[in-house]
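A structural walkthrough
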Amino acid sequence: MLERLGIRGRLLLAFFGISAFAVLATAAALYAFLQVGDVVDRITRDRVPSALASLQLSRQAERVAAIAPAVLTSTSKARHNEVSAAIGVEMTRLEELLAALKGAALGTPAVAEIEAAVLGLRRNLDALDDLVATRLAVVARKEGLLRRLSATTIAGQRLVASGILVMNSRLAQWRAAAADASLAPDRSAAVMADLVQAIAAYIPQQRAHQEMSAVNDALVRTADASTPGDLALTLFPLRRSLAALEAISAEIDVKLQVRFRQRVDEFKALIDGEKSIPKARQDELAVLAQGEKLLGENNRLSRSLTAAVDRLVAAADREITASGLEAAVVQRYGTGVVLGSAFLSLLSSVLVVWLYVDRSLLARLGAVSQGMFAIAGGNFRAPLPAAGRDEIGRMAEALRLFRDTAVEVEEKNLREVAEARQRLVDAIESISEGFALYDGQDRLVLSNSRYRELLYAGLEEMTPGTIFEHIVRRSAERGYIKDAEGRVEEWVAERLSRHRNPGDPWVQRRGDGRWIMIGERRITGGGTVAVYSDITELKQREENLAEKSAALEALSNKLAKYLAPQVYKSIFSGRQDVRIASQRKKLTICFSDIAGFTETTDKMESEDLTQLLNHYLTEMSKIASDHGATIDKYVGDAILMFFGDPETRGVKEDALACVEMALAMQKRMTDLAEIWRDIGIETPLRCRIGIHTDYCTVGNFGSEDRMDYTIIGGAVNLASRLEQEAPPGAVLISYETFAQVKDTIACVELGHIQVRGIAYPVATYRVLDLKANMVAARSAVRTVLPHLRVEAEPELMSADERDQAANALRDVLDRLCHKLG
Amino acid sequence: MLGVSSMHRIITVAFVALAALFICPARAEVLVGVSAAMTGRLAWIGEQGQRGAEMAVADFNAAGGVLGQQVGLIAVDDFCDPEQAVVAARKLVADGVVLVIGHYCSGASIPASKVYEAAGVLQISPGSTNPQLTEQGRANVFRVIGRDDTQGIVAGNHLADRWGDKKVAILHDTTIYGKGLADETRKRLNKRGVIEAVYDAYTPGKDDYSAEVAALQAAGIAVLYVGGYHAEVALIVRAARDRGYAVQIISGDALATEEFALIAGPAAEGTLFTFSADPRRNPEAAPVVERFRAENFEPAGYTLLSYAAVQVWAQAVEKAGSLELATVIATLRGQEFDTVLGSIDFDDKGDLSTQNWVWYVWRSGEYVPVE
């Protein structure tokens, strides 16, 4: 039966059992709580308010009783009003409290008693209040009477005052007379008689004065008499004094008699009758006695009130105590039930855990989890718990199935890995480059046989797991590496550094003369892949090519000597190809040769001549080169040069450069003359130079096999002709050139020459120097008039020339003078 | 619960407050004080003042009071003493009077006026004649009797005119009133070219002045002007007549008291003094005088002046419609009042605009105007 329920059902059953005890405990606690609450409710709702109200009432009643005497003692209307209002407030409060008490505790006999007492108190206080009002009226009446007594006494005494004054005056006079011995006897007797008369007149006044004072004093005492007996006692002397005053009135001065009688009547009214002071005091005493009685009654009522309240409070107290006991009993039983339930619930929990959970569930779950851990750790042979019909049994069954499947999968994986590895090895072996794979710790993992034979033929340690550093160090020590010869440690450090931070492939020269290109690359996971290619053949071909290139360069350098530098540069820089092409350009052509070269060198040995000529040509070529001239050709001792191709600075600048070059050559010739004299050439060699500027055809001329870069045209002939016309050591230029340079260069016109092929004579100019250098030129004579033109440069003239010039000018002068004469 | 209880309390408090409103006396009466010498030698003057003020207050109350309020009267005794006057004034101020009728002696009025000014109480004196009372610049002080500077002129002129060729003596009792009046008279007399033969002081309160009179007789004095109160003057007159010394005695307003004749006896006959025009003869005063006489009281001296003082105040209050001091003072200064003294008005100092001194002579125990 239980077996079929499964773990869920059985646990549910256990929890229901435990919960049943908890529900039982809650129900018991709830019952006890409700019982106690009921009792507390009864106390707070019924008993406490009524007890509190009773106490407040009692206190209030005491307060009223305490204030009440103040009513009776109040002597002014304002004070009475004040006290009366205070009592009114307290009484109202008392009645409110009574109403509250009646609401709180209905029908209790004590309450009826209290109510009667409060009503009595109220009635009593009202009566007291009325009484005090009466007393105040009586007191006011008495005080008014006393004021009147005072006024009457003063008025009465005022009437007798003048008599007293006169009597005193007489007495003083008599004393003075008695003292004055010198006074005449008759005068003394007269004074004495005056005194006697005054005394006689004064006696009734003095008696009146005495009696009025006695009446006043007695009446003032009466006003404060404490008992009716005292009052009656004072009446007799008062009446006697009054009778005396009436008797005296007959003896008073006639002028004052009426007023005196008035005063006596006033005294009489104050002594006897309804408006007398004794009557007022009697009324007051009666009122006071009544008041005392009422106060006594008040206190009695207050006490009975307090007693009733005490009984009420005591009843409430008893009831509260009884309720408290009842509540305590209920609480005790409730606590017992709750504690018992709690204990049973705890006990059943322990039993469920111990008997079922611990023994049946946890033990089997532990076995299952141990089996799982074993499988996870790879131990497929570990024992598994027996299968069962409940959840844990099914879990064990599932675990067994899982283990069997895992064993199968593992075997299959192992087979696949072995195949894949074999394929990789085959692939690596089939490539022509050497291949090696190092792991993160730089240990050799994999390499092909090409790698081993290419780099480390004969090195035995190439097994997987060998450290990279070990391999390279061994190969360096054995001299496999050209670079490492004599510096093994240094090279190993470099190699390791490069291995750790591989960049582009690089080439390594081996000890046996081979070149290996090495490409290394880091792979993910920290390893390094290295590929080694043999590039020895490639390297040798590259070296052959370099040798050929060097030979070609040397050839080119030799060739440069036979070509104009500009032409050479133009050709080798590729700007102008070597081909048959020409163009027309305005060039400045210069011809130079050595005057009488053949005659001068005739006697010289061939070697000396060659040396001299080469020296000369080298010097001139250097100057030409410096000034940017293109040297066309050397013909024996003659040189043909031109400006304007292949580079031009402009026609004018080219012409100027050419003339400056010619001047520089002439100057150099002067220097060279000194050198040559030293080596035995007596006659100085002098140079002739002709320059012309004109259009020419310039370019490569010749056949496909051989070409010359040169110029062609009549201008070349004219330049040659100018050179032949030029005096030795001079520079002769055509008008075209002169026109270009005249601003800068000082020239002198030499005359015209005829040139074959040119129809008109050509104007020639001898170049003197740069105008900047021509200091002497300033002394030249230059006059241009109509029909007269003189140009003379005496400084430049020789002595013969000067004579000839002087004769010519003298002839001109004679003819000019003769004709005039 | 709390709410209901609070409501109860509020309602209770409200009832108590209402009750208090009804019980508290609305200002039932306006209090007026009268301060004079009620006992001693000047008791007769005090009686005059008190009776006058009482009658006036009773008359106003019978007619409905002042501004509809009843008037209450408090009388205090100042003994005609400067120090006692200040004490009496403080008592009246403490009782809450709005007006004081008094005082009568100048020596009492002057120090008391300072107390009244500080407390904001109106003072109207029916008897103090010393000029100083109104010369102090206290706005609250008025009087319904003339000043001694005018009384002195009348007396001085009389002495010069009638007795200029005789030996004149001037005595005073050293009080503010007595010395002040004597000096004013002497000033006038001297101004008129007459120099008194004797100028002297006597001590008040003595029983016998025979020695002073004997000295004057020896000096041959024919006329004696006394600045002092009636009791001493009566004793002096009596002493002179006892000696058979027929000196003419002349004095001031203090002699307007029946007691002068009671003390002096037959010697009073012929004594001259100056006083305000006797109000008993005014037609306006006739009913009042009749009522006094019905009570066997002769309204002589200051009686009707005191009555008039109350009248002046009551009329001023009615005209102003307020008891407020400043308003009442302004009304007193600006208006005329119909009194038992006739129609009167006040100048800016609080003195009567018209001061009329009349000569009286004692004949057969009564004073009568000099014909």
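For the structure itself, consult the block above.
Below you will find a few notes about this structure. Just so you know, these numbers come straight off a predicted model, no measurement behind them.

If you walk through the whole model with that rule in mind, you get one disulfide over all chains. Here B:Cys80 engages in a disulfide with B:Cys105; their sulfurs sit 1.9 Å apart. Given an S-S torsion of about -120°, the disulfide between B:Cys80 and B:Cys105 has left-handed geometry. Here B:Cys105 lies in the loop between strand 3 (99–102) and helix 4 (106–119) and B:Cys80 lies in the loop between strand 2 (70–77) and helix 3 (82–95), a separation of 25 residues in the sequence. Both residues of the pair, B:Cys80 and B:Cys105, count as buried. Between A:Cys590, a cysteine without a disulfide, and A:Cys658, which holds the nearest cysteine sulfur, the sulfur-to-sulfur distance is 4.3 Å. Judged by its relative accessible area of 0%, A:Cys590 falls in the buried class.

What follows is about the pairing of strand 2 (residues 444–447) of chain A. Residue and element names in this part refer to chain A. Where strand 1 (residues 434–438) lies against strand 2, three bridges are found, and the strand directions are antiparallel. Following the sheet pairing, Ala-436 is matched in strand 2 by Ser-447. The loop that links strand 1 with its antiparallel partner strand 2 comprises five residues; one of these, Asp-442, has a positive phi angle of about 60°.

Each pair of aromatic rings is reported with the distance of its centres and the angle of its planes. Following the criterion strictly, the structure yields 19 aromatic pairs over all chains and no others. An angle of 75° between the planes, with centres 5.5 Å apart, marks the rings of B:Trp362 and B:Tyr367 as edge-to-face. Grouped by ring-pair contacts, the aromatic residues B:Tyr104, B:Phe260, B:Phe273, B:Phe275, B:Tyr302, B:Tyr360, B:Trp362 and B:Tyr367 constitute a single cluster. When the ring centre of A:Trp506 is taken as origin, the NZ or CZ atom of A:Arg498, which lies over that ring, is 4.2 Å away. If you follow B:Arg51 out to its NZ or CZ, it ends over the ring of B:Phe297, 4.5 Å from the centre.

As a further point, take the interface of chain A and chain B. In this assembly, 24 residues from chain A lie in contact with 26 residues from chain B. Of the roughly 2300 Å² buried at the junction of chain A and chain B (both faces included), carbon and sulfur atoms supply 54%. Of all residues in chain A, A:Arg158, A:Leu165 and A:Arg259 give up the largest surface area on contact with chain B, accounting jointly for 30% of the area buried on that side. Linking chain A with chain B are four salt bridges. Here B:Asp242 ties to A:Arg170 by a salt bridge, and the two come within 2.8 Å at their closest N and O atoms.

So, on to the pattern of salt bridges. Evaluated as defined, the whole model comprises 53 salt bridges over all chains. Between A:Arg473 and A:Glu469 there is a salt bridge, with the nearest N and O atoms lying 2.9 Å from each other. Of the two residues, A:Arg473 and A:Glu469 are both situated in helix 10 (residues 468–477); the distance of four residues between them amounts to about one turn of the helix. On the basis of relative accessible area, A:Arg473 is assigned to the partly exposed category, the value being 21%. Taking the relative accessible area as the measure of exposure, A:Glu469 reaches 29% and is therefore partly exposed. Residues joined in a network through salt bridges with shared partners are B:Glu135, B:Arg143, B:Arg147, B:Asp149, B:Lys349 and B:Asp351.

Residue and element names in this part refer to chain B. Listed in full, the buried residues belonging to helix 8 (residues 210–218) are Ser-210, Val-213 and Leu-216. Axial view of helix 8: buried residues confined to an arc of 125°, hence all on one face. Residues of helix 8 that are exposed and point more than 90 degrees away from the buried face comprise Ala-211 and Ala-218. Positive backbone phi, approximately 75°, marks Gly-220, located one or two places after helix 8.

What counts and what doesn't
- Residues numbered from 1 in each chain as written.
- Chains lettered and ligands numbered in written order.
- Predicted model: local features only at pLDDT ≥ 70, side-chain atom pairs only at ≥ 80, totals over all residues.
- Heavy atoms only, no water.
- Disulfide = S-S within 2.5 Å.
- Helix = DSSP H or I, 4+ residues; strand = E, 2+ residues; numbered from the N terminus.
- Buried < 20%, exposed > 50% of the residue type's maximum accessible area, 1.4 Å probe, protein only.
- Pairing = 2+ DSSP bridges.
- Phe/Tyr/Trp six-rings, centres within 6.5 Å; stacked < 30°, edge-to-face > 60°.
- Lys NZ or Arg CZ within 6 Å of the ring centre and 35° of its normal.
- Contact = heavy atoms within 4.5 Å.
- Buried area = accessible area lost by both parts, 1.4 Å probe.
- Salt bridge = Lys/Arg side-chain N within 4 Å of Asp/Glu carboxyl O.
- Arc of directions from axis to C-beta.

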